[in-house]
Every structure is written in structure tokens, then in C-alpha cells.
Amino acid sequence: RRALGAVADMYGDMVPIDNSRILGVEESLELDIGDRILRVFPTPGHAASHICIEDKTRSMLFSGDSLGMYLADEGKVIPVTPPPDFDLEEQRRTLESLAVLDCNRTCFTHFGCAGNCSDLARASLHALEVMAETVKEGVHRDRDPRSIAEELKQIMEIESPHGTLMFSSMSLVSVNGLMRFYGK
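Report on the accompanying structure. Just so you know, these numbers come straight off a predicted model, no measurement behind them.

At their nearest, the axes of helix H1 (residues 88-98) and helix H2 (residues 117-140) sit 8 Å apart, and the two run at 155° to each other. Looking at the two axes, H1 sits roughly antiparallel to H2. Remark: the crossing between H1 and H2 carries left-handed chirality. Facing Leu 88, Gln 91, Arg 92, Leu 95, Glu 96 and Leu 98 of H1, the residues of H2 in contact are Cys 117, Ser 118, Ala 121, Ser 124, Leu 125, Leu 128, Glu 129 and Ala 132. Split into classes, the residues belonging to the contact of H1 with H2 amount to eight nonpolar, three polar and three charged.

Now the structure itself:
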């Protein structure tokens, strides 16, 4: 709720898990789970505690929110930059590191799977730079966050019904995260 505001209501109540079930990852960690080897590694930016999981056996990346949301109808990756934890510099570094990762398939938390991680990370980094510049200019001109979010929808050329719905629900959150990063 702190990060998403009213959007959090769509997800229902959160139930905490026992601390003994939590494994922190400060560097890369490999897990052999029988028929697969998983590499878990930190990918801060979207949130300080964010991770990705690479299935090295199947050449897949489970990107969480590190790459953003995937709009299959649009064929686009749109970064998600929520407050209070978003860090633009960390996100850039994360996307640059994912851009050199050799995975043939990328699975997003939002919404589905797509192709090569490197291509998707570069696309996300480009979209992030467009978003960051648009928000920075909006802050400089003292614009309303909603008008900046609407401008981003136009710039990103989001047109499909699903893309419009998903982008509309997350764009204001992302604008607020970038505004917070810029100190507004």
C-alpha cells in the first residue's frame, strides 16, 4: 500500500510470512534444485530489495519487476518506478547488467513471457530514459503528476485496450516514484 496507494487494493490483503523462511541475497546465489540450477541475484532500482532469478538450465530469466511490465499486445516493456523505494541510478545499473545477460526467454511478473533478456533490458532502459526525462521536465515546469502520466501514455504510444488499462493503473505510480526520486 505504501508503494502502490489505492492500486494495492486490487491485490487484496497481504499476509506476512515467517522470517525463518526469508533468505536474503546480497550477491549472486546459486541453488541446485535437482533438474535446474537457479541463480538468484540482486537487481535494485525498482526497489532496494528486488531480485531476479535466472534458470541457467533452461536459459530463462524471471525478471520480477526489474524490467517493468510487458504489454504483449503492444510488444513493449514499460518500466515501473514506484515510490517510496525507486532509485533511478540503481535501476539504470540493473538494466545495463541485464542487457548483457544471455537468456533466451524472459518471464515477467506483469504480464507473461517474451524473448531475449538482453533485447528487453535495452528496450526497458530506453523507455526508462524517456520516462525520466519527461518527469524531470514536468517537475521543472511544476506540472501535475496526472498530466505527466497522460503525456507518457502518448509518448509510449500505448494503444491496445489491455495496454491502456495496465499503463493507466501504473503510470501515475511510476510518475510519483520518479518525482520522489527527483525530490519533488
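Bringing the packing of aromatic side chains into the picture now. Tallied over the entire structure, the rule returns three aromatic pairs. Taking 6.4 Å as the distance between ring centres and 70° as the angle between the ring planes, the aromatic pair formed by Phe 86 and Phe 181 counts as edge-to-face. You can see Phe 86 sitting in the loop between strand S6 (76-78) and H1 and its partner Phe 181 sitting in helix H4 (residues 161-181), a full 95 residues away along the chain. The exposure class assigned to Phe 86 is buried, which follows from its relative accessible area of 6%. Since its relative accessible area comes to 30%, Phe 181 is described here as partly exposed.

Taken N-terminus to C-terminus, the directions of H2 and helix H3 (residues 145-155) make an angle of 145°; their axes are 10 Å apart at the nearest point. Taken as a pair, H2 and H3 cross one another with a handedness that is right-handed. The segment H2 lies against H3, with Val 130, Met 131, Thr 134, Val 135, Gly 138 and Val 139 engaging Ile 148, Glu 151, Leu 152 and Ile 155. Across the contact of H2 with H3, the residue classes tally to seven nonpolar, two polar and one charged.

Before going further, it helps to spend a moment on the layout of surface pockets. Its volume calculated, the second largest pocket comes out at about 210 Å³. In terms of lining, the second largest pocket is formed by Val 15, Pro 16, Ile 17, Asn 19 and Ile 22. Here the lining of the second largest pocket is built from residues that sort into four nonpolar, one polar and no charged.

With 41 residues, the main nonpolar core has Leu 61, Leu 67, Met 69, Ile 78, Leu 98 and Val 135 as its most contacted residues. For this core, the elements supplying multiple residues, two or more each, are strand S5 (69-71), S6, H1, H2, H3 and H4. With 10 residues, the top contributor of residues to this core is H2. Ignoring sequence-local partners within four residues, the contact set of Val 135 consists of Ile 148, Leu 152, Val 175, Leu 178, Met 179 and Tyr 182.

What counts, and where the lines are drawn
- Residues numbered from 1 in each chain as written.
- Predicted model: local features only at pLDDT ≥ 70, side-chain atom pairs only at ≥ 80, totals over all residues.
- Heavy atoms only, no water.
- Axes fitted to C-alpha atoms, helices over the stretch in contact; angles between N-to-C directions.
- Helix = DSSP H or I, 4+ residues; strand = E, 2+ residues; numbered from the N terminus.
- Parallel < 35°, antiparallel > 145°, perpendicular 65-115°, else oblique.
- Left-handed = near helix turned anticlockwise from the far one by under 90°.
- Contact = heavy atoms within 4.5 Å.
- Nonpolar A, V, L, I, M, F, W, Y, C, P; charged D, E, K, R; others polar.
- Phe/Tyr/Trp six-rings, centres within 6.5 Å; stacked < 30°, edge-to-face > 60°.
- Buried < 20%, exposed > 50% of the residue type's maximum accessible area, 1.4 Å probe, protein only.
- 1 Å grid on protein atoms, 1.4 Å probe; cavity = no way out; pocket = protein on both sides within 12 Å on 5 of 7 lines; lining within 4 Å.
- Points joined across faces, edges and corners; volume = space filled by probe spheres on them.
- Core = buried A, V, L, I, M, F, W, Y, C linked by side-chain atoms within 4.5 Å.

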